[in-house]
2 protein chains.
Amino acid sequence: MRIALDAMGGDYAPRNMIAGAKLALAEFGRIETLFLTGDEEKLRHEMKELQFHDPRVEIVHCTEVVEMTDSAVKAVRQKKDSSLSVAADLVKNGRAQALVSAGHTGAAVAASMLKLRTLKGIDRAAIASPVPNTQTGMCLLIDAGASVDSRPQHLFQQAIMGSVYMKRLFGIESPVIGLMSNGEEEGKGNEVTKEAFELLRAAKGLNFKGNVEGRDLCNAPIHVAVCDGFVGNILLKGSEGAAKAVGSMLKQALTASLGRKLLAALLKPALRAAADRMNYEHHGGSPLLGVNGVSIMAHGSSSALAMKNALRVATETVQSSVNAHIEEEIARQTS
Amino acid sequence: MRIALDAMGGDYAPRNMIAGAKLALAEFGRIETLFLTGDEEKLRHEMKELQFHDPRVEIVHCTEVVEMTDSAVKAVRQKKDSSLSVAADLVKNGRAQALVSAGHTGAAVAASMLKLRTLKGIDRAAIASPVPNTQTGMCLLIDAGASVDSRPQHLFQQAIMGSVYMKRLFGIESPVIGLMSNGEEEGKGNEVTKEAFELLRAAKGLNFKGNVEGRDLCNAPIHVAVCDGFVGNILLKGSEGAAKAVGSMLKQALTASLGRKLLAALLKPALRAAADRMNYEHHGGSPLLGVNGVSIMAHGSSSALAMKNALRVATETVQSSVNAHIEEEIARQTS
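Numbering of residues starts from 1 in every chain and runs along the sequence as written. Following the order in which they are written, the chains are lettered starting with A and the ligands numbered starting with 1. Only residues with pLDDT of 70 or above have their local features reported here, since the model is predicted, and side-chain atom pairs are shown and tallied only from 80 upward, although totals for entire chains, interfaces and linings are computed over all residues. For side-chain calculations, the full set of non-hydrogen atoms in the structure is used, while hydrogens and water are omitted.

**A word on the sheet that holds strand E7 (residues 177-180) of chain A**
Residues and elements named next belong to chain A.
Link 1 in the chain: Spatial ordering of the open sheet is given by E3-E2-E1-E4-E11-E10-E5-E6-E9-E7-E8, a layout of 11 strands whose pairing is mixed. Every interior strand has two partners, whereas the edge strands, strand E3 (57-61) and strand E8 (208-212), have only one. The sheet shows a mean angle of 25° between the axes of neighbouring strands, taken without regard to direction.
Link 2 in the chain: Contacting strand E2 (33-38) and E3, helix H2 (residues 40-49) crosses the sheet at an angle of about 150° to E3.
Link 3 in the chain: When checking whether two residues touch, look at their non-hydrogen atoms; a contact exists if any pair is within 4.5 Å. Each axis is a line fitted through C-alpha atoms, taken for helices only over the stretch in contact, and angles between the N-to-C directions span 0 to 180 degrees. We count a stretch as a helix when DSSP gives it H or I for four or more residues in a row; a strand needs E for two or more, and each element gets its number in order from the N terminus. Seen against the sheet, helix H5 (residues 105-116) touches strand E4 (98-101), strand E5 (126-133), strand E10 (285-289) and strand E11 (294-298) and runs at an angle of roughly 175° to E11. Think of it this way: DSSP has to see at least two bridges between two strands before they count as a pair.

In structure tokens, the structure reads:
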């Protein structure tokens, strides 16, 4: 298997990308070639620092970097020699099977869309973000922000893609699909989701549960939550933010006195265990589903561990032939 | 001051409503008359049980109750003698100055809109929900679900209403306004928010900070977060759900062994202090801003404490003449 890693994308690039690559190669034997795109000198320096030597690494030198302040489409059109563009080109040209980037999400979406194009029957790509869920362990939020102003057929296609992904990668026989809305009752929703509801209800063999609410994302027995990318992005970041706020209020309360501090220190393993279950680092990456290739978006502030897991998600997504199954399922639905 | 309480609305009605009324009358001397709408016999029975006798209480008997399964507009049009409709009528007819309901939110919005109408210059009412915020203590999310498919001018009006509310009720000199979007950068957003951005930027004397993201609701120094009701409802419930999920994962971790259980018991006051800061019971109610009267929505599962606080919010909203100030500010903006 051949993976391309945008080694200059991310808040802590290239350090964490290189460290994550080292962890991944040590653990995942199925990676045959790992392309690292970026400034060769910098990358070699970082690899030396980390005592990372592996014949499976192939550095592809390039001179530009997409900055967080760049506009997404402009970055892709103008910075043709960026670490992101070059990594996407490797997939486009068939030298790599998957692209992983922790850089500018909008640019990574744009590069993947422009260079890889969409699958047959899919109009738009969508970010599928795994979210911790107390009932099912994990719920896939799709779309977490690839595009906005979705039409009903986009939401329908997202449901199919999410369902196939959960089935193929996590072995869920019949993933439960919820349509994110402002109330559970049928008839709730905005114009677009009401129409999408009808499309989903009419779908063949889809385990469509109906409307779900914001709180269901983390707490209801669902595997896939479907929504527009504007809504999904706000919901995902809002959930992360609320969890963070609880954490910081808890921290304040637990450090308000010396006695509490001592007790809390004894409970550290328990507190860490709970925090770990909400931690994005373990899932590592969100696939951009619907593009003709595998493209994994990692969190901007990814640690080495998160990058390792993003590389794991990339290999698993390639291995499970999700794209072929998505095209097949879309064809079956529309036949 | 004269307040109408829908005594049959809420998951634990009429018990918690009556208990909350008792707490409120004991604490808030400014309430001169508290109308309780609902089945007189049931209400008298409940009052007797709670040893609640107060000459300021006036029961207004009615025969119907809006059920959670009723459709919102139908409930208001067909159940004219429901505890909700009768409470709204009391405000409409000037006998009461404010309405409080923990019942069917959609029906309470519809009843308030249909009976009270909107303020001059306001096209739609919006639910203003206080959300715990680590920087400002509280951020007002508006609209938390009164209407969907907002147009740019609705978002603009929501910003004005939220700003006036935070200024008048919480004494914030110049409330910081954020427009909820899928990225902070200017130019991020869907079609509607991009247009709203321009309107807000051009507003006179509004402390508009620009786009904010989901995580900012609980964590950024903002006082008002403006969004469409579909998005706001999902964001609010999503945040509550994430906080709940963290709580339940924490609970699991803290009860995984006897040793942990004992330590956690000693830390209970600290854990409770943190949980309390995320607890909706303390703010008690969300005003429906933009209607010609005061209408407070309480949480469906409101406790007596939550109901007391919803009644407090009602009296404070009446006292601060928010509506007159909103009309004034809208006129100033459009002159």
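**Examining the interface of chain B and chain A**
Link 1 in the chain: Taken residue by residue, the interface counts 49 residues in chain B and 49 residues in chain A.
Link 2 in the chain: For any pair of parts, buried area is found by adding up, for both, the accessible area (1.4 Å probe) each one loses once the two are put together. Summing both sides of the interface, chain B and chain A together bury roughly 4,600 Å²; the carbon and sulfur share of this comes to 71%.
Link 3 in the chain: Note on definitions: salt bridges are taken to be side-chain nitrogens of Lys or Arg within 4 Å of carboxyl oxygens of Asp or Glu. Between the two partners, chain B and chain A, sit 4 salt bridges.
Link 4 in the chain: Of the charged contacts, one joins glutamate 213 of chain B and lysine 237 of chain A as a salt bridge, the two residues approaching to 2.8 Å between their closest N and O atoms.
Link 5 in the chain: Taken together, the elements giving at least two residues each to the side of chain B that touches chain A come down to helix H7 (191-202), helix H8 (216-219), helix H9 (229-254), helix H10 (258-266) and helix H11 (268-277) of chain B.
Link 6 in the chain: Element by element, the count of residues in the side of chain B that touches chain A is highest for H9 of chain B, at 21 residues.
Link 7 in the chain: The nonpolar class holds Ala, Val, Leu, Ile, Met, Phe, Trp, Tyr, Cys and Pro. Asp, Glu, Lys and Arg form the charged class, and all remaining residues, Gly among them, are polar. For the side of chain B that touches chain A, the class distribution of residues is 26 nonpolar, 14 polar and 9 charged.

**Comments concerning the pattern of salt bridges**
Residue and element names in this part refer to chain A.
Link 1 in the chain: The tally for this structure, following the rule as stated, stands at 30 salt bridges over all chains.
Link 2 in the chain: With a closest N to O distance of 3.1 Å, arginine 201 and glutamate 198 form a salt bridge. One end of the pair is arginine 201 and the other is glutamate 198, both in helix H7 (residues 191-202) and 3 residues apart, which spans about a single turn.
Link 3 in the chain: For every residue, the accessible area obtained with a 1.4 Å probe (protein chains only) is divided by the maximum for its type, and the residue is called buried under 20%, exposed over 50%, and partly exposed between those limits. When its relative accessible area of 40% is taken as the criterion, glutamate 198 is described as partly exposed.

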